[in-house]
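Coordinate analysis (summary)
Read off the chains here:
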Amino acid sequence: MSSGILQAPRKLEKSDNRADFFSGAPDLDDWFHRYAWQNQRANNSVTYITTLDSRVVGYYALAAAGVSAESVDPDFAKHRPKDIPCVLLARLAVDKRAQGKRVGVSLLQDAMRRAFTTSESIGAAALLIHCRDDNARKFYMHHIDLLESPLQPLQLLLPLKQLKLAIGK
């Protein structure tokens, strides 16, 4: 990785070069190359990128979502609607050349701050994370104290109260 300065995450722009981003996860790379911009343009999700020397070295995508009360911890579901409103961290990936440099942690922290700010504007009870595999699940569980779905092991939840503490608000 270059000795340049890692830029703070910002919203993806059409002119950003997505073609040379390779995380080692073909599904995440393909989505970023082919669908990130069109999903953002259609208001299905918003992708945030971080760059180093104008090269994209990481991204994550946020969207509005809901989770059924039956699929979450019963204590969290208590006194909540049947479909609990959430901010979804749909994807997070780091380019192979930047892995191991805490770029993923930085992106996760930024996503948590944005989720908190969003939840204050639209009302969301939690940050919902869909993990692509067990390695992703381990990454999130290592960095945040999350609730695990009793029905879906790759679905994690960070209640707003815990999210607020995690970001120091």
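Residues numbered from 1 in each chain as written. Predicted model: local features only at pLDDT ≥ 70, side-chain atom pairs only at ≥ 80, totals over all residues. Heavy atoms only, no water.

This part takes up the pattern of salt bridges. Side chains that differ in charge, positive against negative, can pair when their charged atoms come close. Counted under the stated rule, the structure contains 13 salt bridges. Its salt-bridge partner being Asp-133, residue Arg-132 comes within 2.6 Å of it at the nearest N-O pair. The residue Arg-137 makes a salt bridge to Glu-148 at a minimum N-O spacing of 2.4 Å. Of this pair, Arg-137 sits in helix H5 (residues 134-143) while Glu-148 is found in strand S6 (residues 147-148), placing the two residues 11 residues apart along the sequence. For Arg-137, a relative accessible area of 17% corresponds to the buried category. Among the residues examined, Glu-148 registers a relative accessible area of 37% and is labelled partly exposed. Put simply, Asp-20, Arg-55, Asp-95 and Arg-97 are held in one network by salt bridges that share partners. (Salt bridge = Lys/Arg side-chain N within 4 Å of Asp/Glu carboxyl O. Helix = DSSP H or I, 4+ residues; strand = E, 2+ residues; numbered from the N terminus. Buried < 20%, exposed > 50% of the residue type's maximum accessible area, 1.4 Å probe, protein only.)

Assignment of secondary structure puts Asp-20 in the loop between strand S1 (10-11) and helix H1 (26-34). Residue classification places Asp-20 among the partly exposed positions, given a relative accessible area of 26%. A C-alpha to C-alpha distance of 9.0 Å links Asp-20 and Asp-95, two positions 75 residues apart in sequence. With residues up to four places along the chain from it excluded, the contact list for Asp-20 reads Arg-55, Asp-95 and Arg-97. (Contact = heavy atoms within 4.5 Å.)

What follows concerns the pairing of strand S2 (residues 46-52). Counted residue by residue, S2 has 6 buried out of 7 residues, so it is predominantly covered. Alignment of S1 against S2, held across 2 bridges, turns out to be antiparallel. Considered in S2, the bridge of Lys-11 is made with Tyr-48. Bridging between S2 and strand S3 (residues 55-68) involves 7 bridges; their strand directions are antiparallel. Bridging across to S3, Thr-47 finds its partner in Ala-61. Hairpin connection from S2 to S3: 2 residues lie between these consecutive antiparallel strands, with Asp-53 at a positive phi of about 50°. (Pairing = 2+ DSSP bridges.)

All right, on to the confidence of the model for the chain then. Taken residue by residue, the chain gives an average pLDDT of 93. The fraction at 70 or more is 98%. Per-element confidence in the chain is highest for S1, whose mean pLDDT is 98, and lowest for helix H6 (residues 160-166), whose mean pLDDT is 89. (pLDDT = per-residue confidence, 0-100.)

On to the nonpolar core, then. It is characteristic of soluble globular proteins that their nonpolar side chains tend to be buried jointly. Tyr-60, Leu-89, Met-112, Leu-127, Ile-129 and Tyr-140 are the most contacted members of the largest nonpolar core, which has 29 residues in total. Mapped onto this core, the elements with two or more residues apiece are S2, S3, strand S4 (83-94), helix H4 (103-122), strand S5 (126-130), H5 and strand S7 (155-159). Residue contributions to this core peak at 7 residues, all from H4. With 13 residues, the next largest nonpolar core counts Leu-12, Phe-32, Val-56 and Tyr-59 among its residues. (Core = buried A, V, L, I, M, F, W, Y, C linked by side-chain atoms within 4.5 Å.)

Glancing now at the packing of aromatic side chains. Given two aromatic rings, their pairing is described by the distance between the two centres and the angle made by the two planes. Within the structure shown, the criterion is met by 6 aromatic pairs. Over the face of the ring belonging to Phe-76 we find Arg-80, whose NZ or CZ atom lies 4.3 Å from the ring centre. (Phe/Tyr/Trp six-rings, centres within 6.5 Å; stacked < 30°, edge-to-face > 60°. Lys NZ or Arg CZ within 6 Å of the ring centre and 35° of its normal.)

Here the focus is the environment of Asp-83. Along the polypeptide, Asp-83 turns up in strand S4. When near neighbours in sequence (up to four residues on either side) are disregarded, Asp-83 contacts Val-67 and Ser-68.

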